[in-house]
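# Structural overview
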Amino acid sequence: MERESQLTEEEKLFFMQAAIAEAKKAEALAEVPIGAVIVYHGEIIGRGHNLREHSQDATSHAEMFAIREACQHLDSWRLEECQLFVTLEPCPMCSGGMILSRVEEVYFGAYDPKGGTAGTLMNLLTDERFNHRAYVEGGILEEECGMLLTNFFRAIRARKKKTSQNE
Ligand SMILES: [Zn+2]
(Lines give C-alpha, C1' and ligand atoms only; values in the text may rest on other atoms or scores of the structure.)
Protein backbone atom coordinates (compact mmCIF):
# COMPACT_ATOMS: atom_id res chain seq x y z
CA MET A 1 0.00 0.00 0.00
CA GLU A 2 1.40 3.37 -0.98
CA ARG A 3 1.40 5.77 1.97
CA GLU A 4 0.41 9.39 1.70
CA SER A 5 1.28 12.42 3.80
CA GLN A 6 -1.36 13.32 6.37
CA LEU A 7 -0.05 16.87 6.82
CA THR A 8 -0.55 20.17 5.01
CA GLU A 9 2.44 22.08 3.63
CA GLU A 10 2.03 24.64 6.44
CA GLU A 11 2.16 21.92 9.08
CA LYS A 12 5.30 20.43 7.53
CA LEU A 13 7.07 23.80 7.69
CA PHE A 14 5.83 24.48 11.22
CA PHE A 15 7.12 21.19 12.62
CA MET A 16 10.40 21.38 10.73
CA GLN A 17 10.92 24.78 12.36
CA ALA A 18 10.47 23.03 15.70
CA ALA A 19 13.12 20.48 14.69
CA ILE A 20 15.40 23.38 13.69
CA ALA A 21 14.87 24.91 17.15
CA GLU A 22 16.09 21.60 18.60
CA ALA A 23 19.12 21.65 16.29
CA LYS A 24 19.98 25.11 17.61
CA LYS A 25 20.01 23.71 21.16
CA ALA A 26 22.71 21.29 20.01
CA GLU A 27 24.59 24.11 18.35
CA ALA A 28 24.52 26.14 21.58
CA LEU A 29 26.30 23.20 23.24
CA ALA A 30 28.91 23.07 20.45
CA GLU A 31 27.33 19.83 19.19
CA VAL A 32 26.70 19.20 15.49
CA PRO A 33 23.35 20.97 14.97
CA ILE A 34 20.80 18.24 14.27
CA GLY A 35 17.34 18.27 15.83
CA ALA A 36 14.19 16.17 15.73
CA VAL A 37 10.58 16.26 16.92
CA ILE A 38 7.77 13.71 16.89
CA VAL A 39 4.19 14.77 16.31
CA TYR A 40 1.07 12.92 17.38
CA HIS A 41 -2.31 14.28 16.27
CA GLY A 42 -0.87 17.75 15.81
CA GLU A 43 0.99 17.85 19.12
CA ILE A 44 4.75 17.54 19.66
CA ILE A 45 5.29 14.63 22.06
CA GLY A 46 9.00 14.02 21.59
CA ARG A 47 12.03 16.22 21.06
CA GLY A 48 15.71 15.61 20.76
CA HIS A 49 19.00 17.04 19.65
CA ASN A 50 22.37 15.55 18.95
CA LEU A 51 24.48 15.08 22.10
CA ARG A 52 27.23 12.82 20.86
CA GLU A 53 30.14 14.84 22.26
CA HIS A 54 28.66 15.56 25.68
CA SER A 55 27.58 11.97 26.18
CA GLN A 56 30.55 10.45 24.34
CA ASP A 57 28.00 7.98 23.05
CA ALA A 58 27.77 7.26 19.33
CA THR A 59 24.05 6.53 19.64
CA SER A 60 23.13 9.96 21.06
CA HIS A 61 21.35 11.07 17.91
CA ALA A 62 18.48 13.58 17.92
CA GLU A 63 15.97 11.05 16.60
CA MET A 64 16.74 8.47 19.29
CA PHE A 65 15.95 10.95 22.08
CA ALA A 66 12.76 12.03 20.32
CA ILE A 67 11.66 8.41 19.84
CA ARG A 68 12.29 7.57 23.50
CA GLU A 69 10.40 10.62 24.74
CA ALA A 70 7.45 9.96 22.41
CA CYS A 71 7.25 6.31 23.52
CA GLN A 72 7.26 7.42 27.15
CA HIS A 73 4.55 9.97 26.41
CA LEU A 74 2.31 7.39 24.74
CA ASP A 75 3.38 4.67 27.17
CA SER A 76 3.89 2.47 24.13
CA TRP A 77 6.77 1.36 21.93
CA ARG A 78 4.47 1.83 18.93
CA LEU A 79 4.52 5.27 17.33
CA GLU A 80 1.77 4.56 14.84
CA GLU A 81 -0.04 7.72 13.74
CA CYS A 82 3.13 9.71 14.53
CA GLN A 83 5.18 11.93 12.26
CA LEU A 84 8.89 12.39 12.81
CA PHE A 85 10.70 15.53 11.68
CA VAL A 86 14.49 15.71 11.59
CA THR A 87 16.78 18.36 10.16
CA LEU A 88 19.16 15.86 8.51
CA GLU A 89 18.36 12.67 6.64
CA PRO A 90 18.45 9.81 9.16
CA CYS A 91 21.34 7.35 9.49
CA PRO A 92 20.91 3.52 9.50
CA MET A 93 20.52 3.38 13.29
CA CYS A 94 17.81 6.03 13.44
CA SER A 95 16.03 4.70 10.35
CA GLY A 96 16.05 1.35 12.16
CA GLY A 97 14.56 2.97 15.26
CA MET A 98 11.82 4.46 13.11
CA ILE A 99 11.01 1.07 11.57
CA LEU A 100 10.97 -0.64 14.98
CA SER A 101 8.75 2.04 16.52
CA ARG A 102 6.50 2.01 13.43
CA VAL A 103 6.59 5.76 12.89
CA GLU A 104 4.07 6.49 10.19
CA GLU A 105 5.65 9.44 8.42
CA VAL A 106 9.21 10.75 8.27
CA TYR A 107 10.14 14.25 7.11
CA PHE A 108 13.72 15.41 6.87
CA GLY A 109 15.44 18.65 5.88
CA ALA A 110 18.91 18.28 4.36
CA TYR A 111 20.03 15.21 2.46
CA ASP A 112 23.07 13.35 3.81
CA PRO A 113 25.26 12.12 0.95
CA LYS A 114 27.59 10.31 3.38
CA GLY A 115 25.13 8.51 5.61
CA GLY A 116 21.51 9.05 4.69
CA THR A 117 19.37 5.93 4.55
CA ALA A 118 16.03 7.54 3.80
CA GLY A 119 16.64 7.78 0.07
CA THR A 120 20.25 8.83 -0.53
CA LEU A 121 22.41 5.72 0.02
CA MET A 122 19.37 3.48 0.26
CA ASN A 123 15.89 3.78 1.66
CA LEU A 124 15.38 1.61 4.71
CA LEU A 125 12.04 3.27 5.47
CA THR A 126 10.32 2.18 2.28
CA ASP A 127 12.00 -1.21 1.75
CA GLU A 128 9.24 -3.73 1.23
CA ARG A 129 11.26 -6.53 2.81
CA PHE A 130 10.68 -4.98 6.25
CA ASN A 131 7.32 -5.50 7.91
CA HIS A 132 6.91 -1.76 8.41
CA ARG A 133 7.19 1.04 5.91
CA ALA A 134 6.88 4.78 6.44
CA TYR A 135 5.94 7.66 4.22
CA VAL A 136 9.16 9.61 3.56
CA GLU A 137 9.61 13.17 2.36
CA GLY A 138 12.98 14.96 2.21
CA GLY A 139 14.01 18.52 1.47
CA ILE A 140 11.66 20.31 3.93
CA LEU A 141 13.39 23.66 4.64
CA GLU A 142 16.43 21.95 3.15
CA GLU A 143 18.49 25.10 2.76
CA GLU A 144 17.98 26.29 6.33
CA CYS A 145 18.72 22.84 7.76
CA GLY A 146 21.80 22.47 5.58
CA MET A 147 23.11 25.96 6.36
CA LEU A 148 23.07 25.17 10.08
CA LEU A 149 25.52 22.33 9.41
CA THR A 150 27.60 24.21 6.84
CA ASN A 151 28.04 27.21 9.14
CA PHE A 152 28.85 24.99 12.11
CA PHE A 153 31.64 23.15 10.30
CA ARG A 154 32.92 26.36 8.73
CA ALA A 155 33.26 27.91 12.20
CA ILE A 156 35.14 24.84 13.46
CA ARG A 157 37.57 25.00 10.54
CA ALA A 158 38.10 28.73 11.13
CA ARG A 159 38.81 28.10 14.82
CA LYS A 160 41.28 25.33 14.01
CA LYS A 161 43.05 27.56 11.52
CA LYS A 162 43.30 30.34 14.07
CA THR A 163 44.66 27.97 16.72
CA SER A 164 47.30 26.57 14.40
CA GLN A 165 48.37 30.09 13.44
CA ASN A 166 48.86 30.97 17.10
CA GLU A 167 51.06 27.96 17.71
ZN1 LIG B 1 21.01 8.74 13.47
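Residues numbered from 1 in each chain as written. Predicted model: local features only at pLDDT ≥ 70, side-chain atom pairs only at ≥ 80, totals over all residues. Heavy atoms only, no water.

The protein chain appears in an unreviewed UniProt entry as tRNA-specific adenosine deaminase from Candidatus Enterococcus murrayae. Looking at the protein chain in UniProt, the text filed under Catalytic activity (unreviewed entry) is "adenosine(34) in tRNA + H2O + H(+) = inosine(34) in tRNA + NH4(+)". Per UniProt, the comment on the protein chain under Subunit (unreviewed entry) is "Homodimer." (UniProt positions renumbered as here; feature names shortened; annotations may be inferred.)

Strand order in this open sheet of five strands is β2-β1-β3-β4-β5, and the pairing throughout is mixed. The sheet is open, and its two edges are formed by β2 (43-49) and β5 (135-137), each paired on a single side. With strand direction ignored, the average angle separating the axes of adjacent strands in the sheet is 15°. Pairing of strand β3 (residues 82-88) with strand β4 (residues 105-110), which is carried by five bridges, proceeds in the parallel orientation. By the bridge assignment for β4, Val86 is matched with Phe108. Against the sheet, helix α3 (residues 62-74) engages β1 (35-40), β2 and β3, with an angle of about 145° to β2. (Pairing = 2+ DSSP bridges. Helix = DSSP H or I, 4+ residues; strand = E, 2+ residues; numbered from the N terminus. Axes fitted to C-alpha atoms, helices over the stretch in contact; angles between N-to-C directions. Contact = heavy atoms within 4.5 Å.)

Further remarks concern the coordination of the zinc ion. Ideal values for angles at a metal depend on the geometry: 109.5 degrees with four tetrahedral donors, 90 or 180 degrees with six octahedral donors. Looking at the metal site, the zinc ion is ligated by His61 (ND1), Cys91 (SG) and Cys94 (SG), spaced 2.0 to 2.4 Å from it. Positions of the donor residues of the zinc ion, expressed as sequence spacing, correspond to H-x29-C-x2-C. One end of the pair, His61, is in the loop between α2 (52-55) and α3; the other, Cys91, is in the loop between β3 and α4 (92-100), and 30 residues separate them in sequence. Looking at Cys91, the relative accessible area reads 18%, which means it is buried. (Donors = N, O, S within 2.8 Å, 3.2 Å for Na, K, Ca; no water. Buried < 20%, exposed > 50% of the residue type's maximum accessible area, 1.4 Å probe, protein only.)

What follows covers helix α5 (residues 142-166). Spanning 25 residues, α5 covers 36 Å between terminal C-alpha atoms, matching the ideal 36 Å at 1.5 Å per step. Among the residues of α5, those classed as buried are Cys145, Gly146, Leu148, Leu149 and Phe152. Looking at the buried residues of α5, the elements they touch are α1 (9-28), β3 and β4. (Expected span 1.5 Å × (residues − 1).)

Quick look at the packing of α3 against α4 now. One way to put it is that α3 packs onto α4 with a least axis distance of 9 Å and a crossing angle of 20°. Judged on the interaxial angle alone, α4 and α3 are roughly parallel. The two elements α3 and α4 meet at a crossing, and its hand is left-handed. Only Met93, Cys94, Gly97 and Met98 of α4 make contact with α3, whose side of the interface consists of Glu63, Met64 and Ile67. The residue inventory of the contact of α3 with α4, partitioned by class, reads five nonpolar, one polar and one charged. (Parallel < 35°, antiparallel > 145°, perpendicular 65-115°, else oblique. Left-handed = near helix turned anticlockwise from the far one by under 90°. Nonpolar A, V, L, I, M, F, W, Y, C, P; charged D, E, K, R; others polar.)

Under the local residue numbering, the UniProt record ascribes the feature "binding site: Zn(2+)" (unreviewed entry) to His61, Cys91 and Cys94. A maximum C-alpha distance of 9.2 Å places the annotated residues, which cover 34 residues in sequence, within one compact spot. Residues within four places of Cys91 in sequence aside, it is in contact with His61, Glu63, Gly115 and Thr117. Relative to the elements of secondary structure, Cys94 occurs in helix α4. For Cys94, a relative accessible area of 0% puts it in the buried group. Residue contacts for Cys94: discarding those within four places in its chain leaves His61, Glu63 and Met64.

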